[in-house]
Amino acid sequence: MFQITLLAMGKLKEKFYLSAAAEYEKRLSGTCRFQLLELPECRLPETPQPAEIAVGLAREAELIRQKLPKGAWFCVFTPEGRELSSEAFASQMARVKLSGHSSACFLIGSSYGIDPSIKAQADLLLSMGQMTFPHHLARVMVLEQLYRAEAVSYTHLRAHETKANLV
């Protein structure tokens, strides 16, 4: 079964986000092996200077590197990434599986972004669009899109297996 890991900087606190995320995690577990790893955001002053942000992102990058699954296809959600429709995202996931990868890892960075060195490691930089969303809502949205892509893939796989058994 395909393994999906979601690395997310920071913890969800609001009950409504926790509830929505839990629902999609439960749904995903029926179609793949799913793991969510919450990593701590680097603490910064109330109004950090650019140099302080850069140091914080570099520290977060070290944590991310430690948790990246070896050999996994790696996707980073970042505003400057490519925009894909849900259908194109599902197709991308299907191509990843067909390319021989047994796992994929997705990263949602902290509220200050993602260190450039981590972006350079990514197989795909993906944007959630030009609109601004609350950081914690982004996690729910990513989980929903992962579930949607996996559900399509799982349905196609089951249909193919059933067809093969009939022959």
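Residues numbered from 1 in each chain as written. Predicted model: local features only at pLDDT ≥ 70, side-chain atom pairs only at ≥ 80, totals over all residues. Heavy atoms only, no water.

*Asks:* Provide a residue-level description of the overall build of the protein, including the pertinent values.
*Replies:* A tally of helices and strands in the protein yields five helices and five strands. The order of helices and strands in the protein, counted from the N terminus, is β-α-β-α-β-α-β-α-β-α. The C-alpha atoms of the protein give a radius of gyration of 17 Å, which matches the 15 Å a tight globule of 167 residues would have. For the protein, the spread of C-alpha atoms along the three principal axes comes to 65 × 35 × 30 Å. Long-range pairs, those at least 24 residues apart, make up 87% of the contacts in the protein with a sequence separation of at least 6. As displayed, the protein has an accessible area near 9,700 Å², and 56% of this comes from carbon and sulfur atoms. Positive and negative charge centroids in the protein, built from 19 and 17 side chains respectively, lie 6 Å apart. (Helix = DSSP H or I, 4+ residues; strand = E, 2+ residues; numbered from the N terminus. Rg over C-alpha atoms; globule rule 2.2 N^0.38 Å. Contact = heavy atoms within 4.5 Å. Areas by Shrake-Rupley, 256 points an atom, 1.4 Å probe, with all protein chains shown as cover. Lys, Arg positive; Asp, Glu negative; His and termini not counted. Charge placed at Lys NZ, Arg CZ, Asp CG, Glu CD.)

*Asks:* With reference to specific residues and values, describe a nonpolar patch on the surface.
*Replies:* Where nonpolar side chains cluster on the molecular surface, the patch consists of Met-128, Met-131 and Phe-133 and spans about 290 Å² of accessible area. By the element assignment, Met-128 lies in the loop between strand E5 (124–127) and helix H5 (135–166). For Met-128, a relative accessible area of 30% corresponds to the partly exposed category. (Patch = residues over 30% accessible without salt bridge, like charges linked within 9 Å, V, L, I, M, F, W, Y side chains within 5 Å. Salt bridge = Lys/Arg side-chain N within 4 Å of Asp/Glu carboxyl O. Buried < 20%, exposed > 50% of the residue type's maximum accessible area, 1.4 Å probe, protein only.)

*Asks:* Which residues make up the pattern of salt bridges, and what values do they have?
*Replies:* Should their charged atoms come close, side chains of opposite charge can pair. Applying the stated criterion across every chain yields a total of eight salt bridges. With a shortest N-O distance of 2.9 Å, Arg-27 and Glu-23 are connected by a salt bridge. With a gap of four residues between them, Arg-27 and Glu-23 both fall in helix H1 (residues 15–29), about one helical turn apart. Given the relative accessible area of 36%, Arg-27 is considered partly exposed. Classification of Glu-23 as partly exposed rests on a relative accessible area of 30%. Glu-38 is the partner of Arg-139 in a salt bridge, and the nearest nitrogen-oxygen pair spans 2.6 Å. A residue pair is termed long-range when its members are at least 10 positions apart, and Arg-139 in helix H5 and Glu-38 in strand E2 (residues 33–39) qualify at 101 residues. For Arg-139, a relative accessible area of 3% puts it in the buried group. When its relative accessible area of 30% is taken as the criterion, Glu-38 is described as partly exposed. In the salt-bridge network here, residues are joined through shared partners; they are Lys-11, Glu-38 and Arg-139.

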